[in-house]
Amino acid sequence: MARLSYKGWYISCRPLRDSKKDWILEIEKGNVIHSHIMASTMTVGRIENFAYDKIDYYVKEEAKK
């Protein structure tokens with residue numbers, strides 16, 4: 001997956017080093033990085049939607065501060 005941007009957050013996905021099957025999804029903004037291990041059975045579309053949902057959550061939490 002290419003590096004994407006959504007609501008000021010960057011999304012990247014790459015193969016997990018210790019696993020030949022799983023992926024690591026990184027969602028970052030500034031010095032904050034959230035990492036999620038994604039199963040190889042997930043499609044790119046599902047991973048992308050997962051990232052968007054997480055970013056929506058992070059944006060809502062930021063607004064509460």
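A quick note: this is a predicted structure, and the numbers were derived from the prediction, not measured.

Trainee: Looking at this model, I keep getting lost on the overall build of the protein chain. Mind explaining?
Mentor: Secondary structure summary: the protein chain contains one helix and four strands in total. In sequence order, the protein chain lays out its α and β elements as β-β-β-β-α. The principal-axis extent of the C-alpha atoms belonging to the protein chain is close to 40 × 20 × 20 Å. Sorting the 65 residues of the protein chain into buried and exposed places 26% on the buried side. In the protein chain, once contacts between residues fewer than 6 apart in sequence are set aside, the share between residues at least 24 apart is 32%. Approximately 4,800 Å² of the protein chain is accessible, and the part contributed by carbon and sulfur atoms is 52%. Charged side chains of the protein chain number 12 positive and 9 negative; the gap between the two group centres comes to 1 Å.

Trainee: Honestly, the pairing of strand β3 (residues 23-29) in this entry has me stumped. Any pointers?
Mentor: Regular strands place side chains that alternate from one sheet face to the opposite one. Of all the seven residues making up β3, five are buried; the element is thus mostly covered by neighbouring parts of the structure. With six bridges connecting them, strand β2 (residues 9-15) and β3 associate as antiparallel partners. For Arg14, the partnering residue across the bridge sits in β3 and is Ile24. Sheet analysis places β3 next to strand β4 (residues 32-38), joined by seven bridges and oriented antiparallel.

So, how was this worked out
Residues numbered from 1 in each chain as written. Predicted model: local features only at pLDDT ≥ 70, side-chain atom pairs only at ≥ 80, totals over all residues. Heavy atoms only, no water. Helix = DSSP H or I, 4+ residues; strand = E, 2+ residues; numbered from the N terminus. Buried < 20%, exposed > 50% of the residue type's maximum accessible area, 1.4 Å probe, protein only. Contact = heavy atoms within 4.5 Å. Areas by Shrake-Rupley, 256 points an atom, 1.4 Å probe, with all protein chains shown as cover. Lys, Arg positive; Asp, Glu negative; His and termini not counted. Charge placed at Lys NZ, Arg CZ, Asp CG, Glu CD. Pairing = 2+ DSSP bridges.

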